[in-house]
Amino acid sequence: MNNQITVIAFDADDTLWVNEPYFRETEQQFAALLEDFMPHNSIVAALYETEINNLPLYGYGIKGFILSMIETVLRVTDGKINPAVISRTIQLGQEMLNKPVEILDGVEEVLRALKPNYKLVVATKGDLLDQQRKLSKSGLDHYFHHIEIMSDKQETDYQKLLKHLDCQPEEFLMIGNSLKSDVLPVLAIGGNAVHVPYHTTWVHEHVDHTVEHTNFYEVRSLLEVLIKLNR
């Protein structure tokens, strides 16, 4: 791996801690609420369509997901719904916000090993308050020099981050579970990226082609990053 690297950034959700399985669990519970109006799979598809349409308005995160669920209830039922269903939908979202923070295997070991030699950063999408809450509850915040909660992860967003960190692209390594958000835009600006696949990934983050690039690395677990960096 590039020995010029001085800054290592980590995605948070499904890289440092569990996230997407909570969305999928809530999605299934939500669909069950509306099965009298539409088949289960159709409700899931309708919710996804609403989420994507609302991304420019709400961005990423649980609060936007809650609003999209409420909108989907009204659309699927043509507004003819018992208010108790709306109440339960809001409750499902609140339960997500109160989920425990489950740190993934190897995370703290990797952070502890890297902190003495690199500037560590969190670079993640999502709702500001929710991500701050999760980071605080995780007990990992003391490992990081900087926390960047981004509205999106496009090339321009990473360029702004590098400028803020006074870091050149070749000195920057991004580690995350999404090829679309954590890998491709970083490679496009001349940075380095490691993909750590997670067993559950939101459909919106799927990439249907392989990535071939001299600055790209794929590992089976976060612990393998230490091996890559020591080569």
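Residues numbered from 1 in each chain as written. Predicted model: local features only at pLDDT ≥ 70, side-chain atom pairs only at ≥ 80, totals over all residues. Heavy atoms only, no water.

### Quick word on the nonpolar core
Among the nonpolar cores identified, the biggest contains 31 residues, and Ile8, Phe10, Leu16, Phe144 and Ile175 are the most heavily contacted of them. Those elements that place two or more of their residues in this core are β1 (7-10), α5 (107-114), β2 (119-125), β4 (172-176) and α9 (224-229). Of the residues forming this core, the biggest block, four residues, is contributed by α5. Setting aside residues up to four positions removed in sequence, Ile8 forms contacts with Leu114, Tyr118, Lys119, Leu120, Val121, Leu173, Ile175 and Leu229. Membership of the second largest hydrophobic core comes to 20 residues, among which are Leu162, Cys167, Met174 and Val186. (Core = buried A, V, L, I, M, F, W, Y, C linked by side-chain atoms within 4.5 Å. Buried < 20%, exposed > 50% of the residue type's maximum accessible area, 1.4 Å probe, protein only. Helix = DSSP H or I, 4+ residues; strand = E, 2+ residues; numbered from the N terminus. Contact = heavy atoms within 4.5 Å.)

### Structural notes on the sheet that holds strand β3 (residues 146-150)
Think of a sheet as strands paired side by side through backbone hydrogen bonds, with each pair either parallel or antiparallel. One open sheet holds the six strands; their spatial order is β3-β2-β1-β4-β5-β6, and the pairing between them is parallel. Two strands bound the open sheet, and with one partner strand each, they are β3 and β6 (216-218). The average undirected angle you get between the axes of adjacent strands in this sheet is 20°. Along the sheet, helix α7 (residues 155-165) contacts β1, β2, β3 and β4; its crossing angle with β3, the most-contacted strand, is approximately 160°. Lying over the sheet, helix α8 (residues 179-188) contacts β2, β4, β5 (192-195) and β6, oriented at roughly 155° with respect to β5. (Pairing = 2+ DSSP bridges. Axes fitted to C-alpha atoms, helices over the stretch in contact; angles between N-to-C directions.)

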